[in-house]
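Now for the letters of each chain:
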Amino acid sequence: MRALVYVGPERMEMQQVAEPELRPGEALLAVSAAGVCGSDIHGFLGHSERRKAGLVMGHETVARVLETGPGVSGWRPKARVCFNPLVSCGVCPACLSGRQNVCPDWRLFGMDRLHGTYAERIAVPACQLHSLSESLPEEEAILVEPMAVVLHAFRISLVETPGTMAIVGAGPIGMLALVLAKLRGLPQVCVMDVNEGRLEAARRLGADLVVHGGHRDAVEEVRAWAGGAGAECVLEAVGLAATRRAAVAAAAKGARLVFLGLAENESALPWIEMTRNEQAVFTAFAYTPRDFQASVRLVESRRFDLKPWTESLPLEEGQRGFLKIAHDPGSTLKLLLRVGEPSRAA
Ligand SMILES: [Zn+2]
Ligand SMILES: [Zn+2]
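Residues numbered from 1 in each chain as written. Chains lettered and ligands numbered in written order. Predicted model: local features only at pLDDT ≥ 70, side-chain atom pairs only at ≥ 80, totals over all residues. Heavy atoms only, no water.

S.K.: What am I meant to see in the coordination of the zinc ion (ligand 2) here?
M.R.: For a metal with four donors in a tetrahedral arrangement, the ideal angle between donors is 109.5 degrees, while six donors in an octahedron ideally sit at 90 or 180 degrees. Protein-derived ligands of the zinc ion (ligand 2) are Cys89 (SG), Cys92 (SG), Cys95 (SG) and Cys103 (SG), with the metal-ligand distances lying across 2.3 to 2.4 Å. Each of the four donor atoms around the zinc ion (ligand 2) contributes to a set of angles spanning 106 to 115°, which defines the coordination as tetrahedral. Written as a sequence motif, the donor residues of the zinc ion (ligand 2) are C-x2-C-x2-C-x7-C. Here Cys89 falls in the partly exposed class, since its relative accessible area comes to 31%. (Donors = N, O, S within 2.8 Å, 3.2 Å for Na, K, Ca; no water. Tetrahedral: all angles 85-135°; square planar, octahedral: opposite > 155°, others 65-115°. Buried < 20%, exposed > 50% of the residue type's maximum accessible area, 1.4 Å probe, protein only.)

Below is the structure:
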């Protein structure tokens, strides 16, 4: 079958690869579309330890069931589906307490040796499948996975709805956080980024303030907007030392800081100030099956639309698409690779 294979830093190429093997408990899927995640871009640039040459990446997927292996019931051929690409052991204390995202053995399709969905077909555990309605556009359906990340972050870090939220980073995760904040009725949300096109998108998606992070007084702009005291909640969705520091500086005393960005491992932060200001620090990673299920429902409700900022390319043009999204995305937020037959007309 055809697949887009990562062959080295900044290089993807179409290759013929072996068909997936369908094992008991699994479903064989025909992939129709796969989204490009920030972590795939990280891998493409050669920055990911767990994405090595020879890997087929891709874990945001719309597909149809082709056939099911022994022991699988309830899925008919042609059923339109997405799947939770994060697989956990199911038996460790983390899994048993519903925190599958911190299972010591979690695996992700499109990472390590587990091929992902920049390929015509894939076999996945049937218990990871979720049904999708026929009317949901592919551009919306591929947002189930990143929106699950945002739902998870909100669920574990926000007990009460803050009055002001600042989002640092207007990539797909930051933008979906803006969307979710607005859907949840957060009164004031601001977005900081260095990409003008994405800031304009944030404005159109309902941001009350957009701030160019390159401005010398960017943090002061956020603080002033939040009544001079800083934002009650700051969500960081980049993961660089500079953006993490900006997130702390933009936060009010007693604020909640939610770190999602995964760009750099180590960053110095002003811990004495943060401690004296009693800022609560949360980190959030991926999602649990519960968050993924909630995300399917939210995306199916079609209450937001990122299609104006989604670009779609055939899988064969993946190399070009990756170069663009990695180096010069402009206002494009999400890249969708069309793999096989569209799973929905139009
Ligand atoms: Zn992802
Ligand atoms: Zn586990």
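S.K.: Would you explain the coordination of the zinc ion (ligand 1) in this entry?
M.R.: Within the protein, the atoms that donate to the zinc ion (ligand 1) are Cys37 (SG) and His59 (NE2), at distances of 2.1 to 2.3 Å. Here the residue Cys37 occupies a position in the loop between strand E3 (26–35) and helix H1 (38–44), and His59 occupies one in the loop between H1 and strand E4 (60–68), the gap between them amounting to 22 residues. Each member of the pair, Cys37 as well as His59, carries the same accessibility label: buried. (Helix = DSSP H or I, 4+ residues; strand = E, 2+ residues; numbered from the N terminus.)

S.K.: Explain the pairing of strand E14 (residues 251–259) here, please?
M.R.: Sheet faces and side chains relate simply in a regular strand, where the side chains alternate between the two faces. As paired elements, strand E13 (residues 231–236) and E14 share five bridges and run parallel to each other. Within the sheet, the bridge partner assigned to Ala231 lies in E14 and is Ala251. Note that the unit made of E13, helix H8 (residues 241–250) and E14 has a crossover that is right-handed. The sheet contact formed by E14 and strand E15 (residues 280–283) spans four bridges and is parallel. By the bridge assignment for E15, Arg256 is matched with Ala280. For the handedness criterion, the β-α-β arrangement of E14, helix H9 (residues 271–276) and E15 is classed as right-handed. (Pairing = 2+ DSSP bridges. Right-handed = clockwise from strand over helix to strand, strands pointing away.)

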